[in-house]
Amino acid sequence: LAKTTQPISMDSYEGQEVNITCSHNNIATNDYITWYQQFPSQGPRFIIQGYKTKVTNEVASLFIPADRKSSTLSLPRVSLSDTAVYYCLVGDTIKAAGNKLTFGGGTRVLVKP
Amino acid sequence: NAGVTQTPKFQVLKTGQSMTLQCAQDMNHEYMSWYRQDPGMGLRLIHYSVGAGITDQGEVPNGYNVSRSTTEDFPLRLLSAAPSQTSVYFCASSRDRAGELFFGEGSRLTVL
């Protein structure tokens, strides 16, 4: 399973763009990159998933360079409600043993007024 | 749809007691898993299942048993509770391998 490394914490201000980079140097050919958001006392919630280049949905963008050894989650114009822990996961959608996915420590994002 | 439902939400046990955390999903997902989350930490995989009748161990399986007799249900059994098992437990399901995980609201367990 590919190991991921993320910053422990980041601070930002309302209205700013937040970019969280995740390193996954030993990512395998069939691995997809997935990001989750977790609020206190709740289970993680899926944000976005991608394989290469750029993926965008209504809440975030995911940038993946050609070598796929890292990825960056971009949250545009954050608000106080975006304060949460963000997890980067890497998993093989073809050969993975079901959903045997490893969560690292995550990045604690604090959005200030 | 209710999604993933976990019961109970809170439980206090004494050391040595046994109990079962229930998890049910109504999305017809093949893949289910149990995680534990200790304060300030990420989630650690306990056990997972790729379908009815098939289970396997995750990172921290010791002290826990699981079974998957139906697609919908994936109970987690604590055989003899220990204070080290004090944690928040999350059940998750997904339709695809390494696909989007849907989590329950969690079960907070305290072992005295």
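So, a few notes on the structure that sits alongside this text. Source: prediction; values computed, not measured. (Residues numbered from 1 in each chain as written. Chains lettered and ligands numbered in written order. Predicted model: local features only at pLDDT ≥ 70, side-chain atom pairs only at ≥ 80, totals over all residues. Heavy atoms only, no water.)

**Some words on the pairing of strand β8 (residues 84–92) of chain A**
On a regular strand, one side chain projects to one face of the sheet and the next to the other, so that they alternate. Residue and element names in this part refer to chain A. To keep it simple, the criterion reads: When accessible area is computed with a 1.4 Å probe and restricted to protein chains, residues below 20% of their type maximum are described as buried, those above 50% as exposed, and intermediate ones as partly exposed. Only DSSP runs of H or I covering at least 4 residues are called helices, and only runs of E covering at least 2 are called strands; the numbering of each starts at the N terminus. Between any two strands, pairing holds if DSSP finds at least two bridges.
Among the nine residues in β8, nine count as buried, and that is most of the element. The alternating pattern of β8 places Ala84, Tyr86, Cys88, Val90 and Asp92 on one face and Val85, Tyr87, Leu89 and Gly91 on the opposite face, and all of these are buried. Note: β8 against strand β9 (residues 107–112), three bridges, orientation antiparallel. Bridged to Tyr86 within β9 is Thr107.

**Some thoughts on the nonpolar core**
In plain terms, the rule: Among the buried residues, those of types Ala, Val, Leu, Ile, Met, Phe, Trp, Tyr and Cys that are joined through side-chain atoms within 4.5 Å form a nonpolar core. Whether two residues are in contact is decided by their heavy atoms, any of which lying within 4.5 Å being enough.
Judged by nonpolar contacts, the single largest core of 20 residues is most densely connected at Ile20(A), Ile33(A), Trp35(A), Ile47(A), Leu73(A), Leu75(A) and Tyr86(A). Top element by residues in this core is β8(A). It accounts for four residues. Filtering out sequence-adjacent residues up to four positions away, Tyr86(A) remains in contact with Gln6(A), Ile20(A), Trp35(A), Tyr36(A), Gln37(A), Ile47(A), Leu73(A), Leu75(A), Gly106(A), Thr107(A) and Val109(A). Among the nonpolar cores identified, the runner-up in size contains 18 residues, and Leu21(B), Cys23(B), Ile46(B) and Ala81(B) belong to it.

**Regarding the sheet that holds strand β3 (residues 19–25) of chain B**
Residues and elements named next belong to chain B. The following threshold applies: Working convention: axes come from line fits to C-alpha atoms, limited for helices to the stretch in contact. Angles between N-to-C directions cover 0 to 180 degrees.
Pairing in this open sheet of four strands is antiparallel, and the strands run β1-β3-β8-β7 from one edge to the other. Edge strands, defined here as strands with exactly one partner in the open sheet, are β1 (4–7) and β7 (64–66). Strand-to-strand twist in this sheet, taken as the mean axis angle between neighbours without regard to direction, amounts to 20°.

**Quick word on the interface of chain B and chain A**
What counts here: Simply put, the buried area is the total loss of 1.4 Å probe accessible area from both parts when two parts are fitted together. When a carboxyl oxygen of Asp or Glu is within 4 Å of a side-chain nitrogen of Lys or Arg, the pair counts as a salt bridge. Two N or O atoms count as a polar contact when they lie within 3.5 Å, although within protein this holds only if one can serve as hydrogen donor and the other as acceptor, and sequence-adjacent residues are included solely when both atoms are side-chain atoms. Side-chain classes follow a simple rule in which Ala, Val, Leu, Ile, Met, Phe, Trp, Tyr, Cys and Pro form the nonpolar group, Asp, Glu, Lys and Arg form the charged group, and the remainder, Gly included, forms the polar group.
Across the contact, 27 residues belong to chain B and 26 residues belong to chain A. Taken over both partners, the interface formed by chain B and chain A buries close to 1,800 Å², and the fraction arising from carbon and sulfur atoms is 53%. At the junction of chain B and chain A, the tally comes to zero salt bridges. Scanning the region where chain B abuts chain A turns up three residue pairs in polar contact (both at pLDDT 80 or more). At the level of secondary structure, the elements contributing two or more residues to the side of chain B that touches chain A comprise β4 (31–37), β5 (43–51) and β9 (87–94) of chain B. Per-class residue counts for the side of chain B that touches chain A are 13 nonpolar, nine polar and five charged.

**Let's talk about the environment of Ala60(A)**
All names here are of chain A. Here Ala60 shows up in the loop between β5 (53–56) and β6 (61–64). As for Ala60 and Leu75, which are separated by 15 residues in sequence, their C-alpha atoms are 5.0 Å apart. Excluding residues that lie within four positions of it along the chain, Ala60 makes contacts with Ile47, Ile48, Val55, Leu73, Ser74, Leu75 and Pro76.

**Thoughts on the sheet that holds β9(A)**
Strand-to-strand pairing in sheets goes through backbone hydrogen bonds, with the strands running parallel or antiparallel. Residue and element names in this part refer to chain A. Taken in spatial order, the five strands line up as β1-β9-β8-β3-β4 in an open sheet, and their pairing is mixed. Here the strands that pair on one side only, and so sit at the sheet edges, are β1 (9–13) and β4 (45–50). Sheet twist, expressed as the average angle between the axes of neighbouring strands with direction ignored, equals 25°. Direction of pairing for strand β3 (residues 31–38) relative to β4: antiparallel, over a ladder of five bridges. Pairing of Trp35 across the sheet is with Ile48, part of β4.

**Regarding the environment of Glu59(B)**
Along the chain, Glu59(B) falls in the loop between β6 (54–57) and β7. Residues Glu59(B) and Ile46(B), spaced 13 residues apart in sequence, show a C-alpha to C-alpha distance of 5.8 Å. Not counting the four nearest positions on each side in its chain, Glu59(B) is found in contact with Thr102(A), Leu43(B), Arg44(B), Leu45(B) and Ile46(B).

**A word on the state of the cysteines**
All names here are of chain B. So the rule is basically this: Counting rule for disulfides: a pair of cysteine sulfur atoms within 2.5 Å.
A full pass over the atoms with the stated rule returns two disulfides over all chains. Disulfide partner of Cys23: Cys91, at an S-S distance of 1.9 Å. Sign of the S-S torsion, about -75° for the bond between Cys23 and Cys91, identifies this disulfide as left-handed. Placement of the pair is Cys23 in strand β3 and Cys91 in strand β9, with a sequence separation of 68 residues. Taken as a pair, Cys23 and Cys91 share a single burial class, namely buried.

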